[in-house]
Amino acid sequence: MDIEFACFVDANPTETDVWWYFNDSILSPDMEDGIIVNNQTLSIRNIQTRHSGEYKCGATNQEGESWSEDKQVVVHHPPLCKTHKVQRITAAPGLDLNVTCEVEALPSDVTFHWNLNTTLGNASVKTSTSNQTTSVTTILVHDYNEYGMIYCWAENRVGRQIVPCKYKLVPGGLPEAPHSCATFNNTKYSVIVRCLPGFNEGLPQDFHVEVFTEGRKQLVTNISTPDTPYFYITSLPRGSSFFLVVYAANALGRSPYVTLQTATLGDKQVANSEASGIDSVQLQLTLGLILGVLVVLLILSATKAIEQHYRQNNKVILL
């Protein structure tokens, strides 16, 4: 499809220069893009969606310049994938997986179709939900023969999508172990453990810590968290040593584990800590007092030097 604009100019003097604008930028001839500019006419050959926008012309002579009103061009087109790359999706057997397909289309009233291509053959997949240019389907993989390619395409009243959206369905793996683990803020009854998460291998993961007595003889407690490997472990016996096991887990199993050793504070350690805190406060007060005295002495010394200088340079002579 081609379109053509004409710019009618009423001017005195009649000698004018005409320019064409696309979205407020000067439009230059571009034969490869189908843009043909011939003074007071603008032609667009084989119009595409990229040509949608606002067009206007401007004219100038020795008396001044003027512009036409904007003309909006809207190009209707069949659906196109928002993402043109093949998207990799990880799924675990026995778990529902939601796959989202997004397209660009004008008009945006579209109908979606899904297809699953595996070693068992091709099968149509029903759309779970659909909203304008977005569709979601739910895939349930039972065994490893059901992994493969998922295709999604849409159609509107202009036409059917030529190139479908593509998704590669692959099995997930065990998560990586958390790393950089450390304990801090140990008290008589609590310990905090913090790690950095490893890669989840494409599946949701949660994090766990198991607390054992020294020598891993008895399980004291265990904590799980879905967000990040940060654990606040409380209600521990005071003055005791512990063996910690930290790991991640997803639908396929556990990661390798990380071990740490830690201990709660005993009464003597708490007393030493409190005494150390008191000593620190006393030291700060003493240093502050000494600094204050030095400042006062420095001010007095400076004042005395100024007075002596004034007396030497301001003598009164009686005649």
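To be clear, the structure that these remarks concern was listed above.
Here goes a summary of the coordinates provided. (Residues numbered from 1 in each chain as written. Predicted model: local features only at pLDDT ≥ 70, side-chain atom pairs only at ≥ 80, totals over all residues. Heavy atoms only, no water.)

So, on to the pattern of salt bridges. As enumerated under the stated definition, the model contains five salt bridges in all. Between Arg-45 and Asp-2 there is a salt bridge, and its shortest N-O distance comes to 4.0 Å. You can see Arg-45 sitting in the loop between strand E5 (41-44) and strand E6 (53-61) and its partner Asp-2 sitting in the segment before strand E1 (3-6), a full 43 residues away along the chain. Since its relative accessible area comes to 44%, Asp-2 is described here as partly exposed. In this structure, the salt-bridge partner of Glu-155 is Arg-160, at a minimum N-O distance of 3.8 Å. Since its relative accessible area comes to 27%, Glu-155 is described here as partly exposed. Overall, Arg-160 belongs to the partly exposed group, its relative accessible area being 42%. (Salt bridge = Lys/Arg side-chain N within 4 Å of Asp/Glu carboxyl O. Helix = DSSP H or I, 4+ residues; strand = E, 2+ residues; numbered from the N terminus. Buried < 20%, exposed > 50% of the residue type's maximum accessible area, 1.4 Å probe, protein only.)

Moving on, we come to the side chain of Gln-161. As for its placement among the helices and strands, Gln-161 is situated in the loop between strand E16 (148-155) and strand E17 (165-171). Owing to a relative accessible area of 5%, Gln-161 belongs among the buried residues under this scheme.

A few words on the nonpolar core. Val-99, Cys-101, Phe-112, Trp-114, Ile-150, Tyr-167 and Leu-169 are the most contacted members of the largest nonpolar core, which has 22 residues in total. At five residues, strand E11 (residues 96-106) tops the list of elements feeding residues into this core. Dropping the residues within four chain positions of it, Cys-101 is found in contact with Phe-112, Trp-114, Thr-133, Thr-134, Ser-135, Cys-152, Cys-165 and Tyr-167. Residues Ile-3, Cys-7, Ile-44 and Cys-57 belong to the second largest nonpolar core, which totals 16 residues. (Core = buried A, V, L, I, M, F, W, Y, C linked by side-chain atoms within 4.5 Å. Contact = heavy atoms within 4.5 Å.)

Here we come to the state of the cysteines. Going through the model one piece at a time under the given rule, you end up with four disulfides. With its sulfur 1.9 Å from that of its partner, Cys-81 forms a disulfide with Cys-165. The sign of the -125° torsion about the S-S bond sets the Cys-81-Cys-165 disulfide as left-handed. You can see Cys-81 sitting in strand E9 (residues 77-81) and its partner Cys-165 sitting in strand E17, a full 84 residues away along the chain. In this structure, Cys-81 and Cys-165 share a single accessibility class: buried. One disulfide bridge connects Cys-181 with Cys-195, the sulfur atoms lying 2.1 Å from each other. Between Cys-181 and Cys-195 the sulfur-sulfur dihedral comes to about 115°; the bridge is accordingly right-handed. Of the two residues, Cys-181 sits in strand E18 (residues 179-184) while Cys-195 sits in strand E19 (residues 191-196), which places them 14 residues apart along the sequence. (Disulfide = S-S within 2.5 Å.)

Keep in mind these values describe shape, not function.
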